[in-house]
Amino acid sequence: MKIYMNSSAKYLIALFIIGFLSACGTGGNSGENSVTTGSGQLVSAQVIDDINASTMLQVVRGNIDANATNAFGYKAVKITYNTTGQNGEAVVASGLLVIPTATPAYQSYRISQGEQPFSVSMLCDNHGTIFLNSEAPSNVEVSNGLPDYKLAVLMTGYAGFAGIYPDYIGFGDSNGTVHPYIMKKASATSGLDMIKASMKYMQDNNIVLNYQLYITGYSEGGYNAMALAQKVEESFSDRVNLMGVAPMAGPYNIEALADIELNASHIMAYPAFLADLAYSYATYYDDLNISDITLQPEAVLAAAFDGTHDTVAINVILGLANGTTDYGFYTHKTNELFKDSFITKYQSTPNAPIHTRFIENNVDNWTPRSKMNLIQCVDDDIIPFSESNNTYTKFSTAGADVTLTPIPTSSLSQQVDTSHPFVHVNCVPTAYETAVNWFNAIRQGNI
């Protein structure tokens, strides 16, 4: 499910034509007592790029809105922070923080209009599945006087959000650690700790926050967004106002997906996704052994997921592609990756450890208090639309303020073809357009 890191500039050119220079929102919680020690502690901060508003205006005009008359400056900072992993182990993780900087002229204009000085709303965006460490947000952004993380150009340079982009455990500065893939505890904790560390940096550097927080993410990021939102509501609602959550195309009920995938005759759309899930769970749970699950031994999986191989290369290592005529997509059955004995046990033993572990990592078993918009393409070919639809039904029945936004394939700017074979991938730009416009409507008080 590698999705948008390198393609967002091309696909998102016409998106996010939203209320510009409207980053001020209603006041929120004070954010006082930001974490200074322990989990969530800011360890270090490195300014990667600090680009003025004039330069950003040219970027915005060339990539988003040719008629734009204003843009925010763009300050990109690599954040390193303390967090804990799936089993409570200490981890030093990293991520990218991109801060909008308003010009003195804009600040003066606001004051002349009797408005409060410019303040910043935070948007935590959780990226989709990556396998290359070079695609972690803090690695994508380099010091070259140009904005490199394309979604940040839109969310920060144009829309005025402080963009918070976790690398995830297993990438960035923690790339020596196995990525806890689709695992609730690690995803939620490390995401929240990234927010805490980012807030600490902004407070220390006199960035005026209004303590509004928005959360989104696509695919794996949709899962992480859901887990993070629950964590924020449970343990951080006294520090921030969680204004809106927009999970997009996430695997919210892992057991339901496994019921589809773990069938010997099922044709795998994306083998690397399933192999990563198996490797991650076997790494972090003592009651699961990779030797009982996959045909390939642990050493092969460890080599595949070492952060230096992309999707097709991983499929080749797994023996499920040749890299020239067979790329591993829709060409191999599930029992070419998983042992028949494991598949049979999964299907016949509902209380098997793997069922238990999937169930405890589901993120559709709570009731959100914040506004939520579940966004997904109806013809998604990697994550079934039923994941969003079923989650919407559960939340709505429980009384949550939840919206379901189905996106028809016909509305996508990029249709499925041999170069872009997955609706799941092609849906990304439209999904992000929907999410950020929804956030902006909340920020403007229209929802």
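Look up: the structure comes first, before these words.
Note that the structure is predicted; figures quoted are calculated from it, not measured.

(A) Spatial organisation of the packing of helix H6 (residues 184-204) against helix H7 (residues 220-235). Packing of H6 against H7 leaves a shortest axis separation of 8 Å and a crossing angle of 65°. In terms of orientation, H6 and H7 fall into the roughly perpendicular class. Here the hand of the crossing between H6 and H7 comes out right-handed. Facing Lys-184, Ser-187, Ala-188, Thr-189, Gly-191, Leu-192 and Ile-195 of H6, the residues of H7 in contact are Tyr-223, Asn-224, Ala-227, Leu-228, Gln-230, Lys-231, Val-232 and Ser-235. In terms of residue class, the contact of H6 with H7 is made up of seven nonpolar, six polar and two charged.

(B) Structural context of unusual backbone geometry. Positive phi, normally seen in glycine, also occurs at Tyr-168, with a value near 85°. Its location among the elements puts Tyr-168 in the loop between strand S5 (162-166) and H6.

(C) A look at the pattern of salt bridges. Evaluation of the coordinates by the stated rule reveals seven salt bridges. Residue Asp-173 pairs with Lys-78 through a salt bridge whose shortest N-O separation is 2.6 Å. Of this pair, Asp-173 sits in the loop between S5 and H6 while Lys-78 is found in strand S2 (residues 73-84), placing the two residues 95 residues apart along the sequence. Note that Arg-357 and Asp-287 form a salt bridge whose closest N and O atoms lie 3.2 Å from each other. Taken as a pair, Arg-357 in helix H14 (residues 353-360) and Asp-287 in the loop between helix H9 (271-284) and helix H10 (290-293) lie far apart in primary sequence, 70 residues in all. Through salt bridges with shared partners, one network takes in Asp-287, Arg-357 and Glu-360.

(D) Focus on the nonpolar core. If you look at the biggest cluster of nonpolar residues, it comprises 87 residues, and the most contacted ones within it are Ile-79, Met-122, Leu-213, Ile-215, Val-232 and Phe-338. If one sorts the elements of this core by residue count, H9 sits on top with ten residues. Discounting chain neighbours no more than four positions away, the residues touching Met-122 are Phe-161, Ala-162, Ile-164, Met-199, Met-202, Leu-209, Tyr-211, Gln-212, Leu-213, Tyr-214 and Val-240. The next biggest cluster of nonpolar side chains, apart from the first, holds 45 residues, and it includes Val-59, Val-60, Tyr-149 and Leu-154.

(E) Highlighting helix H5 (residues 150-158). Burial within H5 is extensive, with eight of its nine residues counted as buried. Every buried residue of H5 is accounted for by Leu-151, Ala-152, Val-153, Leu-154, Met-155, Thr-156, Gly-157 and Tyr-158.

Reading the values: rules and limits
- Residues numbered from 1 in each chain as written.
- Predicted model: local features only at pLDDT ≥ 70, side-chain atom pairs only at ≥ 80, totals over all residues.
- Heavy atoms only, no water.
- Axes fitted to C-alpha atoms, helices over the stretch in contact; angles between N-to-C directions.
- Helix = DSSP H or I, 4+ residues; strand = E, 2+ residues; numbered from the N terminus.
- Parallel < 35°, antiparallel > 145°, perpendicular 65-115°, else oblique.
- Left-handed = near helix turned anticlockwise from the far one by under 90°.
- Contact = heavy atoms within 4.5 Å.
- Nonpolar A, V, L, I, M, F, W, Y, C, P; charged D, E, K, R; others polar.
- Salt bridge = Lys/Arg side-chain N within 4 Å of Asp/Glu carboxyl O.
- Core = buried A, V, L, I, M, F, W, Y, C linked by side-chain atoms within 4.5 Å.
- Buried < 20%, exposed > 50% of the residue type's maximum accessible area, 1.4 Å probe, protein only.

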